[in-house]
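Below, each chain spelled out in residue letters.
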Amino acid sequence: MKNTVEASRYRAEFVKGLWKENPVFVAVLGMCPALAVTNTAINGIAMGGATLFVLTFSSLLVSSFRKLIPKEVRITTFVIIIATFVTIVDFLLQAFMPAIHKELGAFVALIVVNCLILGRQEAFAFKNPVRLAVVDALGMSLGFSFALFCLGAIREILGNGSLFGITLFGPDFEPWIVMILPPGGFLSLGFLLLFFNWLKQRQEKKGVENGY
Amino acid sequence: MVELQQNRGSSSLRLIATLGVAGLFSGLALVAVFLFTRPLIEANQAEALRIAIFQVLPGSESYKTLELNAKKLQLLSNEKESTGPKKSNPRIYAGYSKSGDLLGFAIPGEEPGFQDKIKAIFGYDPEQRMLIGFEVLDTKETPGLGDKIIKDKYFRSSLTTLKIDPKIVAVKPGQKTAANQVETITGATISSKTVIRLLEKTIRWWLPSINKYLETQ
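Right, let's walk through the structure included here. All values derive from a computational prediction rather than experimental measurement.

Thresholds applied
Residues numbered from 1 in each chain as written. Chains lettered and ligands numbered in written order. Predicted model: local features only at pLDDT ≥ 70, side-chain atom pairs only at ≥ 80, totals over all residues. Heavy atoms only, no water. Pairing = 2+ DSSP bridges. Helix = DSSP H or I, 4+ residues; strand = E, 2+ residues; numbered from the N terminus. Contact = heavy atoms within 4.5 Å. Axes fitted to C-alpha atoms, helices over the stretch in contact; angles between N-to-C directions. Patch = residues over 30% accessible without salt bridge, like charges linked within 9 Å, V, L, I, M, F, W, Y side chains within 5 Å. Areas by Shrake-Rupley, 256 points an atom, 1.4 Å probe, with all protein chains shown as cover. Salt bridge = Lys/Arg side-chain N within 4 Å of Asp/Glu carboxyl O. Buried < 20%, exposed > 50% of the residue type's maximum accessible area, 1.4 Å probe, protein only. Parallel < 35°, antiparallel > 145°, perpendicular 65-115°, else oblique. Left-handed = near helix turned anticlockwise from the far one by under 90°. Nonpolar A, V, L, I, M, F, W, Y, C, P; charged D, E, K, R; others polar. Phe/Tyr/Trp six-rings, centres within 6.5 Å; stacked < 30°, edge-to-face > 60°. Lys NZ or Arg CZ within 6 Å of the ring centre and 35° of its normal.

What about the sheet that holds strand β6 (residues 130–138) of chain B?
Residue and element names in this part refer to chain B.
Item 1. Judged by pairing direction, the sheet is antiparallel, and its seven strands sit side by side in the order β2-β1-β3-β4-β5-β6-β7 without closing on themselves. Both outer strands of the open sheet, β2 (72–75) and β7 (162–163), are each paired with one neighbouring strand and no more.
Item 2. Bridge count for strand β1 (residues 62–69) against strand β3 (residues 91–96) is six bridges, and the pairing is antiparallel. The partner of S62 across the bridge, within β3, is Y96.
Item 3. Contacts between helix α2 (residues 12–56) and the sheet are confined to β1, β3, β4 (102–112), β5 (117–125) and β6, with β6 contributing the most and set at about 155° to the helix.

Looking at a nonpolar patch on the surface
Residues and elements named next belong to chain A.
Item 1. Taken together, the side chains of W176, V178, L187, F191 and L194 make up a nonpolar region of the molecular surface, amounting to roughly 530 Å² of accessible area.
Item 2. Take L194: it is sitting in helix α8 (residues 182–209).
Item 3. On the accessibility criterion, L194 (58% relative accessible area) is exposed.

Quick look at the packing of helix α4 (residues 74–96) of chain A against helix α6 (residues 115–125) of chain A
Residues and elements named next belong to chain A.
Item 1. Close contact between α4 and α6 brings their axes to 10 Å; oriented N to C, the two are set at 130°. Taken together, the axes of α4 and α6 lie oblique to each other. Crossing handedness for the pair α4 and α6: right-handed. Contacts from R74, I75, F78, V79 and I82 in α4 reach I117, L118, Q121 and E122 in α6.
Item 2. Per-class residue counts for the contact of α4 with α6 are six nonpolar, one polar and two charged.

Brief notes about the packing of aromatic side chains
Item 1. Applying the stated criterion across every chain yields a total of 17 aromatic pairs over all chains.
Item 2. When the ring of B:F54 is compared with that of B:Y63, the centres are 5.5 Å apart and the planes differ by 70°; the resulting orientation is edge-to-face.
Item 3. Residue classification places B:F54 among the partly exposed residues on the basis of a relative accessible area of 25%.
Item 4. Here the aromatic residues A:W19, A:F25, A:F146, A:F195, A:F196 and A:W198 are joined through ring pairs into a cluster of three or more.
Item 5. The ring of B:Y96 has B:K64 lying over it, and the distance from NZ or CZ to the ring centre is 5.1 Å.

The quantities given are spatial measurements derived from coordinates; they are silent on function.
Pasting the structure below:
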């Protein structure tokens, strides 16, 4: 019985980041990279992967040492931990994926100030056991990566007529250049937020109708 | 009693110790990762430099590395070494056509920009005394603003037919009247002025050595 309750808690913490509390589509967090680097699907996935690495390891460390970190300096300690992992991911990208590193540019370093990461440390990892904190971080970062991939894929398909660099349409296709430019990021995000809010309202309405 | 102690908060010593330990482990982890990735990063940078040399010298099929020793440009014999980690002596690269004619020199330079140093390489044609190519090697300029020095096509194209005499000068957008002038970019004024300063300073620094080298050829 205890195991079932525990398993459902882990599942709930994992799934909430993917959908119900998606950092981009619901919480509207981490807008800077979500808008700036998502001109292609691969860039979106790369930024999502870098964020996953930083968020998961930061949550692991913060949760492990939560009883040793005094409350007064917790935010400073979080920032030291996050900045360390961001620098590590920066070095690793430079070493193993130089082309992606060049594309993402200064946004890799800017992961330090992504409010999603600092927010999860303060709201969750500092108050929960290690396994739960890691599950939460994985769910949130996968939700973030999914959102970035959606944005990147839409912009690449409409703005370039391709996905992951593979041409999808014939020579007659006229790409919407605006989609790979900054306004395209705002447009795509606006329509996706509209869609997710519509979906949420529909589900709530269904729930009321069914008497939940 | 315990509650009272908790309310009073942690002692200053504990706060300092926590941040000190966090900083120490952070430093150790970064040094370890840096040492592990450095050879790979340097190899990637050397490859990026090699590609950039051909980009700033259009039509070039090969290049030779020249190193400044005792105010004299000397040919480096080992081509493998030529784009390796930068040694103490400054280097430029002479680009040649398929038939072996000298097309120009690829000259790297750096200058402090808005955020950090902007590192770039440009091609110089000594016959026409003109810059013929420009590539940014490394920059941390503000995304969407300063990074227009990479993305602004008009700015970049103006650096590929740029006369160096009497000197390379920056002018406001729409005010270019001579071949030695470059229009700055709206929204990236500091960064574009930095690039123009980089070009002017670097070419003036190298010109005497290049001219001396050409006389001996």
